[in-house]
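Descriptive analysis of the structure
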Amino acid sequence: MSDETPICSAKGCRADAVWVLAWNNPKIHTPDRRKTWLACEEHREHLSQFLGVRGFLKDVVLLTEWETAEGARPPGGS
């Protein structure tokens, strides 16, 4: 496990991530597959809208809650 602080997935942003946006592209992923983007407070809405209009967004969760649910494994921005 890395000691690095997860950062926002928005292009050019280096802010600490606060949110996990779980998504899936139904054309290429199985229904249970969840890819993740990380978001700071400033970019959460923009990234959510980007995924939402494409029908990809499945869940938006606080990073601390996601880490607890995933056994303290931070998402990798996959």
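To be clear, the structure that these remarks concern was listed above.
Overview of the structure. (Residues numbered from 1 in each chain as written. Predicted model: local features only at pLDDT ≥ 70, side-chain atom pairs only at ≥ 80, totals over all residues. Heavy atoms only, no water.)

1. Some points on the packing of aromatic side chains
When we look at a pair of aromatic rings, we describe it by the centre distance and by the angle of the planes. Under the counting rule described, the total for this entry stands at 3 aromatic pairs. Ring plane angle 20° and centroid distance 6.0 Å describe the contact between W23 and F56, whose orientation is recorded as stacked. One end of the pair, W23, is in strand β1 (residues 19–23); the other, F56, is in the loop between α1 (44–53) and β3 (57–62), with 33 residues separating them in the sequence. Take W23: its relative accessible area is 11%, and that puts it in the buried class. Ring-pair connections join several aromatic residues into one group, and the members of that group are W23, W37, F50 and F56. (Phe/Tyr/Trp six-rings, centres within 6.5 Å; stacked < 30°, edge-to-face > 60°. Helix = DSSP H or I, 4+ residues; strand = E, 2+ residues; numbered from the N terminus. Buried < 20%, exposed > 50% of the residue type's maximum accessible area, 1.4 Å probe, protein only.)

2. Some thoughts on the environment of L62
Checked against the element boundaries, L62 lands in strand β3. By relative accessible area, L62 is classed as partly exposed at 29%. Between the alpha carbons of L62 and V20 there is a distance of 6.0 Å; along the sequence they are 42 residues apart. Not counting the four nearest positions on each side in its chain, L62 is found in contact with V18 and W19. (Contact = heavy atoms within 4.5 Å.)

3. Brief notes about the environment of D32
Within the element layout of this structure, D32 appears in the loop between β1 and β2 (35–39). Side chain to side chain, D32 and T30 meet in a polar contact 2.8 Å long. (Polar contact = N/O pair within 3.5 Å; in protein donor to acceptor, adjacent residues only side chain to side chain.)

4. Considerations on the sheet that holds β3
The antiparallel open sheet is built from 3 strands, whose spatial order is β2-β1-β3. Across the chains shown, the open sheet's two edge strands, defined by having one partner strand only, are β2 and β3. Averaged over all pairs of adjacent strands, the angle between their axes in this sheet comes to 25°, without regard to strand direction. Of the strand pairs in this sheet, β1 and β3 are connected by 5 bridges, and their pairing is antiparallel. (Pairing = 2+ DSSP bridges. Axes fitted to C-alpha atoms, helices over the stretch in contact; angles between N-to-C directions.)

5. Section: the pairing of β2
The buried fraction of β2 is high, at 4 of 5 residues. Bridge count for β1 against β2 is 5 bridges, and the pairing is antiparallel. Of the residues in β2, the one forming a bridge with W23 is K35.

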